[in-house]
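# Observations on the model geometry
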Amino acid sequence: MSVDVMALNEAIKQDSQFIDRALNEASKVVVGQREMLEGILMGLLTGGHVLLEGVPGLAKTLTISSISQAISLDFQRIQFTPDLLPTDLIGTMIFNPKTGEFSPKKGPVFTNIALADEINRAPAKVQSALLEAMAEKQVTIGEQTYKLDKPFLVLATQNPLEQEGTYPLPEAQMDRFMFKIIVKHPSREEEMEILNKMSLNTMPEIQPVISKEELIRAGERVDSIYVDEKIKNYIVDIIMATRKPEEYNVHSVDGMIQVGCSPRATISLIRASKAHAFLRGRGYVTTEDIRAVAYHVLCHRLILTYEAEAEEISKEKVVTDILNAVEVP
């Protein structure tokens, strides 16, 4: 390992110390859910949007608001409903009778963390308005385009059980999310801790551990994390195996994938791997980093065939088979 990488490694160890403090602060009110907490932090460090899927009551909203308090970020919760309009999200032009002019009234999307609660309950027009903010980090109101503040992150939640009154997110929008994290029920021990903590009338107060400016600098440091050429080839091989599994001897998924992952998945996988290394206080990416984030990055981007669905083959199994088949450097 070169001297530069060793120096970078030491610098990352210093710069990533706030991560444990942020997790500890959030853990004052959020029990367990380490995977979700780390996923949100990785999204903040890379500017990648995160979709959280889980049944109601698993502290998705509480986790997001807790992280935003621990990192001194502006936070807006937007409840998505079937009657929501694009203007409710991005804002509109307001007529001022005194001046006879229109002026913009900015909507709740002008924030650092926009929580899109139950995102799949809003119709296509609202989704398309959100898509501009997610893709371009900007919003158009009337004829004027406004840049969103840095960092800007959409953290969306959806309930997998509800079918009535929901609009499945289009593939183009799913592809904009760097991560999709399945939020699971807590263990028995965690459930007991929830009972002891949350049965009290007073909630612990979360203290900020890092400023917005420091978070932006940490994100720049994540960009500088070293990725070896062999690791880059490994990432590309994984993505290519989702498109042409036969060329990588993943015979167990032959005929199971209708559409493989896009180049955006390649970008998300390397950025997420860098952020994962940062969370571990490392200045370089390993194959363990890639495998740790692969399921969150790839599963929601894969489109399986009817045959796969008929045989009840999950996207997780497809990703597992690909990771097992692709040669590790």
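Here, every reference points to the structure presented above.
As the structure is a prediction and not an experimental result, all values here were calculated from the model.

## A few points about the pairing of strand E4 (residues 101-106)
Burial within E4 is sparse, with just zero of its six residues counted as buried. Bridging between strand E3 (residues 91-96) and E4 involves six bridges; their strand directions are antiparallel. Bridge pairing in E4 places Met93 opposite Pro104. Counted along the chain from E3 to the antiparallel partner E4, the turn is four residues long, and its residue Gly100 has a positive phi close to 70°.

## Thoughts on the packing of helix H3 (residues 34-46) against helix H4 (residues 60-70)
With their axes 10 Å apart at the nearest point, H3 and H4 run at an angle of 45° to one another. With respect to their mutual orientation, H3 and H4 come out oblique. Read as a crossing pair, H3 and H4 show a hand that is right-handed. Facing Met36, Leu37, Ile40, Leu41 and Leu44 of H3, the residues of H4 in contact are Lys60, Thr63, Ile64 and Ile67. For the contact of H3 with H4, the per-class residue count stands at seven nonpolar, one polar and one charged.

## Overview of helix H2 (residues 17-26)
Three or four residues apart is the spacing at which side chains of an α-helix point the same way, because the helix has 3.6 residues per turn. Where H2 is concerned, the buried positions are Phe18, Ile19, Ala22, Leu23, Glu25 and Ala26. The arc that holds every buried residue of H2, seen down its axis, measures 160°, which confines them to one face.

## Considerations on the packing of helix H12 (residues 287-298) against helix H14 (residues 315-325)
For the pair H12 and H14, interaxial distance at closest approach is 10 Å and the crossing angle is 140°. Overall, the two elements H12 and H14 adopt an arrangement that is oblique. H14 is crossed by H12, and the crossing has right-handed handedness. Every residue of H14 that contacts H12 at Arg291, Ala294, Tyr295 and Leu298 is listed here: Glu316, Val319, Thr320, Leu323 and Asn324. Class assignment for the residues of the contact of H12 with H14 results in five nonpolar, two polar and two charged.

## Some details on the pattern of salt bridges
If you walk through the whole model with that rule in mind, you get nine salt bridges. Among the salt bridges present, the one from Lys212 reaches Asp74, with a minimum N-O distance of 3.9 Å. Of the two residues, Lys212 is situated in helix H9 (residues 212-223) and Asp74 in the loop between H4 and strand E2 (75-79); the sequence distance between them amounts to 138 residues. You can call Asp74 partly exposed: its relative accessible area is 43%. One salt bridge in this structure joins Asp175 and Arg264, with 2.8 Å as the shortest N-O distance. Taken together, the positions of Asp175 in the loop between helix H7 (171-174) and strand E9 (177-182) and Arg264 in helix H11 (residues 263-279) put the pair 89 residues apart, joining distant regions of the chain.

## Here we look at the side chain of Glu53
By the element assignment, Glu53 lies in strand E1 (residues 49-53). At 2.7 Å, the side chain of Glu53 forms a polar contact with the side chain of Gln158. If near-sequence neighbours (up to four positions away) are discounted, Glu53 is found in contact with Gln158, Pro160, Lys180, Ile181, Ile182 and Val183.

## Brief notes about the state of the cysteines
A complete count under the given rule lists zero disulfides for this structure. Take Cys299: it sits in no disulfide, and the sulfur closest to it among the cysteines is that of Cys261, at 8.5 Å.

## Some details on unusual backbone geometry
Here the amide bond leading from Lys150 into Pro151 is cis, since omega sits at -10°, within 30 degrees of zero. The residue Pro151 is located in the loop between strand E7 (144-147) and strand E8 (153-158) in this model. Residues other than glycine seldom take positive phi values, yet Lys137 does so here, at roughly 55°. Judged by its relative accessible area of 29%, Lys137 is partly exposed. In this model, Glu312 sits at a positive phi of 55°, which is unusual for a non-glycine residue. Relative to the elements of secondary structure, Glu312 occurs in the loop between helix H13 (306-310) and H14.

The rules behind the values
Residues numbered from 1 in each chain as written. Predicted model: local features only at pLDDT ≥ 70, side-chain atom pairs only at ≥ 80, totals over all residues. Heavy atoms only, no water. Buried < 20%, exposed > 50% of the residue type's maximum accessible area, 1.4 Å probe, protein only. Helix = DSSP H or I, 4+ residues; strand = E, 2+ residues; numbered from the N terminus. Pairing = 2+ DSSP bridges. Axes fitted to C-alpha atoms, helices over the stretch in contact; angles between N-to-C directions. Parallel < 35°, antiparallel > 145°, perpendicular 65-115°, else oblique. Left-handed = near helix turned anticlockwise from the far one by under 90°. Contact = heavy atoms within 4.5 Å. Nonpolar A, V, L, I, M, F, W, Y, C, P; charged D, E, K, R; others polar. Arc of directions from axis to C-beta. Salt bridge = Lys/Arg side-chain N within 4 Å of Asp/Glu carboxyl O. Polar contact = N/O pair within 3.5 Å; in protein donor to acceptor, adjacent residues only side chain to side chain. Disulfide = S-S within 2.5 Å.

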